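# Fold and geometry: a report
Given next are the chains, with one letter for each unit.
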Amino acid sequence: MTSNGTSMKHTIKTLTVRLSDRIGEVEALLLRPDAAEWLLVLAHGAGAGMRHPFMESLARELAACRIATFRYQFPYMQQRRGRPDSPTVLTATVRAAVRTAAATAPHLPLLAGGKSLGGRMTSLALSEEAEGTGDPSPVRGLVFVGFPLHAPGRSGTERAEHLARVMMPMLFLQGTRDKLADLTLLRPLCTRLGRRATLHVVEGADHSFHMPKRSGRTDPEILRELARTVELWAQGAG
């Protein structure tokens, strides 16, 4: 269903992203609605891969808002290792995924980002490009689905220092119960980033955007809200 309640057809393709001879390939999934207007290169979080129910549901809601998604695995998740790869490998994977997505759907403008770790590594990859240490990117904007500003109980903003070097629009989707992003730190950070940063706060949501029963709102409702927010923001990012 689209955001106005009408049905929309879409296609799903299984693809691969090649990193290097040493690392090899990782799997990817392209979910593309027929009326797609954007393609979001969407990375998973630290503890769950691209097929996690949250990622699947978010991709479907984005498709209903005319946003195609290109989900992909990081090597450690592809190889079923518990510990995430080094930042060098993670950012290299982001860049390879963006290149593959751009070649797969060359007529769609690109957004990039991801859930938690995936979003942060995407922004780190783009900050390296801004410093001239990577190839120029076709990405027009960044989407953070729960930016992991700090570890639980360890407030700080060091994880976000590289964002000052990202010269493109950024959308932060954050819950008020997110233990990895103290809003008293995130709000000033977004203010410092100026017009590049848009902060959308979901009252009552945790880092996984789960809602307590007392809120009167369901998790599917929140996912629709997130997708609709990305759709409206993308119109300005383009």
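In case you missed it, the structure is sitting above this.
Report follows, based on the coordinates. Just so we're clear, the structure is a prediction, and the values are computed from it rather than from any experiment. (Residues numbered from 1 in each chain as written. Predicted model: local features only at pLDDT ≥ 70, side-chain atom pairs only at ≥ 80, totals over all residues. Heavy atoms only, no water.)

Take the side chain of Glu225 next. Topologically, Glu225 is positioned in helix 6 (residues 219-237). Given the relative accessible area of 18%, Glu225 is considered buried. For Glu225, the side chain forms a polar contact with the side chain of Arg217, separated by 2.6 Å. Those residues in contact with Glu225, other than ones at most four positions away along the chain, are His200, Val202 and Arg217. (Helix = DSSP H or I, 4+ residues; strand = E, 2+ residues; numbered from the N terminus. Buried < 20%, exposed > 50% of the residue type's maximum accessible area, 1.4 Å probe, protein only. Polar contact = N/O pair within 3.5 Å; in protein donor to acceptor, adjacent residues only side chain to side chain. Contact = heavy atoms within 4.5 Å.)

Another point: the pattern of salt bridges. As enumerated under the stated definition, the model contains eight salt bridges in all. Among the salt bridges present, the one from Arg51 reaches Glu27, with a minimum N-O distance of 3.3 Å. Pair noted here: Arg51 is in the loop between strand 3 (38-43) and helix 1 (53-64) and Glu27 is in strand 2 (residues 24-33), with a separation of 24 residues, a long-range link. Arg71 is the partner of Glu56 in a salt bridge, and the nearest nitrogen-oxygen pair spans 3.5 Å. On the criterion of sequence distance, the pair formed by Glu56 in helix 1 and Arg71 in strand 4 (residues 67-72) is long-range, its members being 15 residues apart. Note on Glu56: relative accessible area 25%, which makes it partly exposed. (Salt bridge = Lys/Arg side-chain N within 4 Å of Asp/Glu carboxyl O.)

The next thing to look at is empty space enclosed by the protein. Scanning the entire structure with this criterion turns up one cavity of 30 Å³ or more. A volume near 40 Å³ is recorded for the largest cavity. Along its surface, the largest cavity is lined by Leu40, Leu58, Leu62, Val143, Val145, Leu173, Leu226, Ala227 and Val230. Of all the elements in the fold, those that place two or more residues in the lining of the largest cavity are helix 1, strand 6 (139-145) and helix 6. When residues of the lining of the largest cavity are assigned to their parent elements, the largest contribution, three residues, is made by helix 6. When grouped by side-chain class, the residues that make up the lining of the largest cavity number nine nonpolar, no polar and no charged. (1 Å grid on protein atoms, 1.4 Å probe; cavity = no way out; pocket = protein on both sides within 12 Å on 5 of 7 lines; lining within 4 Å. Points joined across faces, edges and corners; volume = space filled by probe spheres on them. Nonpolar A, V, L, I, M, F, W, Y, C, P; charged D, E, K, R; others polar.)

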